[in-house]
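Spelled out from the first residue to the last, the chains are:
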Amino acid sequence: MWAFYQAVTADVISTYAFGEAEKNIDKGDLGFPFFQAMDESCEAWHWILHIGWLAPLLEQLPMSFLVKTNPAMAGVFKMQERFENQIEEIRNSKSLDENQSTVFHGLLNSSTLSDADKSTPRLKKEAYLIIGAGLSTTAHTLTAITYHLLANPPILRKLKAELAAAILDPSVPPTCKQVDSLPYLTGVVQEGLRMHPGATLRQQRVAPDEDLVYVDKGTGKRLEEYFPKPDEFRPERWLEDPTLDRINLAYQELHLVLASIFRIFNDEEGGPKFELYDTTRERDIDMDADLGGPYAKPGSLGLRVRVVG
């Protein structure tokens, strides 16, 4: 499921950024070799984040040397080359004047950005950040939510009943309007984001006029004071207490993907269903390492399911 969700989120974010999808969902391998290369390259992030001079040094080294020392970087360099070509295509195309609503049409059409900020090397770095941030973040949360749904049949039954009532024909993809207002689906999404945020990177905080106080374990959405039994996946908490903050992270994408999958895979109506296969929460779902995003234990194959029916 991890590869499938990566393929979906990659197609969504590439369309949002450049106006065209990578079409990973149509590939036989779902683009898995590239995603695997991205994951392996993230192992260096831990060092880059703490050693300020390391990233500039790596940028000066020949690509051939970096690929020889870390073969996973070959896929990353190919991606960066593709970004550069896409940016140049947009810059030189007639569509640049048509005010298309993509990230890079907007940046290149901006009247406030300097020429340096709109240069291809600069925008290539923006593309790497945008695409990278839109891949594993949402895919991780989708994977974790899917696990919790399959591991908790009563919760899954409630969700399927709500989806069946709102989406009468499972063969027709749902719209944002159909799914955004579904209370139990919203609770499922919010609970997934609370327990399994897609980004775990610790960012710098600067407060020149006040002292900052940090809370260690249990920070934010894991405080038992606000979330009783914080390690328990319980969407009902969001319906029972409307004062809890709404989390807005790739919100529509999470709603649409979950609604589409679990409306189709609904054994309550005689259709097929997912079952967990050789997957445990501790080994395959919960975060074991912080590499910019949450990573499971070494050797984990991630969420695996089998289709029954």
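Anything mentioned here points back to the structure above.
None of the values given here were measured: they were computed from a predicted structure.

## Structural notes on the side chain of aspartate 284
Right, so step 1: With respect to the helices, strands and loops of the structure, aspartate 284 is situated in helix H14 (residues 281-285).
Right, so step 2: Judged by relative accessible area, which is 6%, aspartate 284 ranks as buried.
Right, so step 3: Within the structure, aspartate 284 has its side chain in polar contact with the side chain of arginine 283 (distance 2.8 Å).
Right, so step 4: In terms of polar contacts, aspartate 284 uses its side chain to reach the side chain of serine 300, at 2.6 Å.
Right, so step 5: Setting aside anything within four residues of it in sequence, one finds aspartate 284 in contact with Asp278, Thr279, Ala296, Ser300, Leu301 and Gly302.

## So, the packing of helix H1 (residues 2-18) against helix H2 (residues 32-41)
Right, so step 1: It is the contact of H1 with H2, at a shortest axis distance of 10 Å, that shows an interaxial angle of 95°. One element, H1, and the other, H2, form an angle in the roughly perpendicular class. Between H1 and H2, the contacting residues are Trp2, Ala3, Gln6, Ala7 and Ala10 on the first element and Phe32, Phe35 and Asp39 on the second.
Right, so step 2: Of the residues belonging to the contact of H1 with H2, the class tally is six nonpolar, one polar and one charged.

## With respect to the layout of surface pockets
Right, so step 1: Roughly 650 Å³ of internal volume is contained in the second largest pocket.
Right, so step 2: Forming the walls of the second largest pocket are 26 residues, and the residues nearest its centre are Trp2, Asp39, Tyr295, Ala296 and Ser300.
Right, so step 3: Elements with a minimum of two residues in the lining of the second largest pocket: H1, H2, helix H8 (120-151), H14 and strand E3 (294-295).
Right, so step 4: A per-element tally of the lining of the second largest pocket places H2 first, with four residues.
Right, so step 5: Of the residues belonging to the lining of the second largest pocket, the class tally is 14 nonpolar, five polar and seven charged.

## Focus on H2
Right, so step 1: Of the residues making up H2, those classed as buried are Phe34, Phe35, Ala37, Met38, Asp39 and Ser41.
Right, so step 2: Against H1, helix H3 (45-50), helix H6 (73-92), H8 and E3 lie the buried residues of H2.

## Focus on the packing of aromatic side chains
Right, so step 1: Under the criterion given, the structure shown has six aromatic pairs.
Right, so step 2: Residues phenylalanine 18 and phenylalanine 83 carry aromatic rings whose centres are separated by 5.8 Å and whose planes lie at 25° to one another, so their mutual orientation is stacked. In this pair, phenylalanine 18 is assigned in helix H1 and phenylalanine 83 in helix H6, connecting sequence segments 65 residues apart. Both residues of the pair, phenylalanine 18 and phenylalanine 83, count as buried.

## Points about the environment of tryptophan 45
Right, so step 1: Note on placement: tryptophan 45 falls in helix H3.
Right, so step 2: Distance in space between the C-alpha atoms of tryptophan 45 and glycine 293 is 9.9 Å, their sequence separation being 248 residues.
Right, so step 3: Setting aside residues up to four positions removed in sequence, tryptophan 45 forms contacts with Tyr128, Leu291 and Gly292.

## Topic: the side chain of threonine 120
Right, so step 1: As for its placement among the helices and strands, threonine 120 is situated in helix H8.
Right, so step 2: Exposure remark for threonine 120: the relative accessible area of 11% places this residue in the buried category.
Right, so step 3: Separated by 2.2 Å, the side chains of threonine 120 and glutamate 88 make a polar contact.
Right, so step 4: With sequence-adjacent residues up to four places away left out, threonine 120 is seen in contact with Glu84, Ile87, Glu88 and Arg91.

Scoring rules and cut-offs
Residues numbered from 1 in each chain as written. Predicted model: local features only at pLDDT ≥ 70, side-chain atom pairs only at ≥ 80, totals over all residues. Heavy atoms only, no water. Helix = DSSP H or I, 4+ residues; strand = E, 2+ residues; numbered from the N terminus. Buried < 20%, exposed > 50% of the residue type's maximum accessible area, 1.4 Å probe, protein only. Polar contact = N/O pair within 3.5 Å; in protein donor to acceptor, adjacent residues only side chain to side chain. Contact = heavy atoms within 4.5 Å. Axes fitted to C-alpha atoms, helices over the stretch in contact; angles between N-to-C directions. Parallel < 35°, antiparallel > 145°, perpendicular 65-115°, else oblique. Nonpolar A, V, L, I, M, F, W, Y, C, P; charged D, E, K, R; others polar. 1 Å grid on protein atoms, 1.4 Å probe; cavity = no way out; pocket = protein on both sides within 12 Å on 5 of 7 lines; lining within 4 Å. Points joined across faces, edges and corners; volume = space filled by probe spheres on them. Phe/Tyr/Trp six-rings, centres within 6.5 Å; stacked < 30°, edge-to-face > 60°.

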